[in-house]
Amino acid sequence: MPQTLPRNSLDNRAISPVVGEMLMLTVVLILVALFAASSSSFIPSDREPSVNILVGDVDPSNHDVTLWHKGGDVVSLSNMKVIIGNGNERNTFTEDNFVINGDDELKNFKPGDYMTVHAGYDIRGEDITVVVGSTVVMYGRIRE
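A. Local environment of the packing of aromatic side chains. Under the counting rule described, the total for this entry stands at 1 aromatic pair. Their ring planes at 40° and their centres at 5.1 Å tell us that Trp68 and Tyr114 sit as a pair that is tilted. Here the residue Trp68 occupies a position in strand E2 (residues 64-72), and Tyr114 occupies one in strand E8 (residues 114-118), the gap between them amounting to 46 residues. For Tyr114, a relative accessible area of 29% corresponds to the partly exposed category.

Structure (structure tokens):
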């Protein structure tokens, strides 16, 4: 006559592998979620632009200053501003005041280009700051 096991023994043997697999799956899912959340902090952020700019002379007749792009990243004029002034008086110039290579239609300042900033007043001897996005890429003084 075959030997029969008590009812509780049969149930425990049948459920044990299923419970173990479910627990392992839960642990794996939690570890994957933790890894995904922590790995996002290792992704590098956007890098700041790098531009080498040379300040030219001021045209005394119309008070324009010329900036030469000597190397680095291409800069969109919409992302660029030039601040000119001394002490508390500073004027900010944006893309409406810029002309690249004598062409009003160009919107990107590339290596080898020159950009004329139309100031409209005598800026000789004043400080000049070129800002791209939120980064100051050039600071200097305009020659007198």
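Read on, since the account is not over.
B. Local environment of the sheet that holds strand E5 (residues 89-93). With antiparallel pairing, the 4 strands of this open sheet are ordered in space as E5-E4-E9-E10. Only two strands of the sheet have a single partner each, and these edge strands are E5 and strand E10 (135-141). The mean inter-strand angle of the sheet, taken between neighbouring strand axes irrespective of direction, is 20°. The sheet contact formed by strand E9 (residues 127-132) and E10 spans 6 bridges and is antiparallel. The residue bridging Thr129 from the neighbouring strand is Tyr139, located in E10.

Rules used throughout
Residues numbered from 1 in each chain as written. Predicted model: local features only at pLDDT ≥ 70, side-chain atom pairs only at ≥ 80, totals over all residues. Heavy atoms only, no water. Phe/Tyr/Trp six-rings, centres within 6.5 Å; stacked < 30°, edge-to-face > 60°. Helix = DSSP H or I, 4+ residues; strand = E, 2+ residues; numbered from the N terminus. Buried < 20%, exposed > 50% of the residue type's maximum accessible area, 1.4 Å probe, protein only. Pairing = 2+ DSSP bridges. Axes fitted to C-alpha atoms, helices over the stretch in contact; angles between N-to-C directions.

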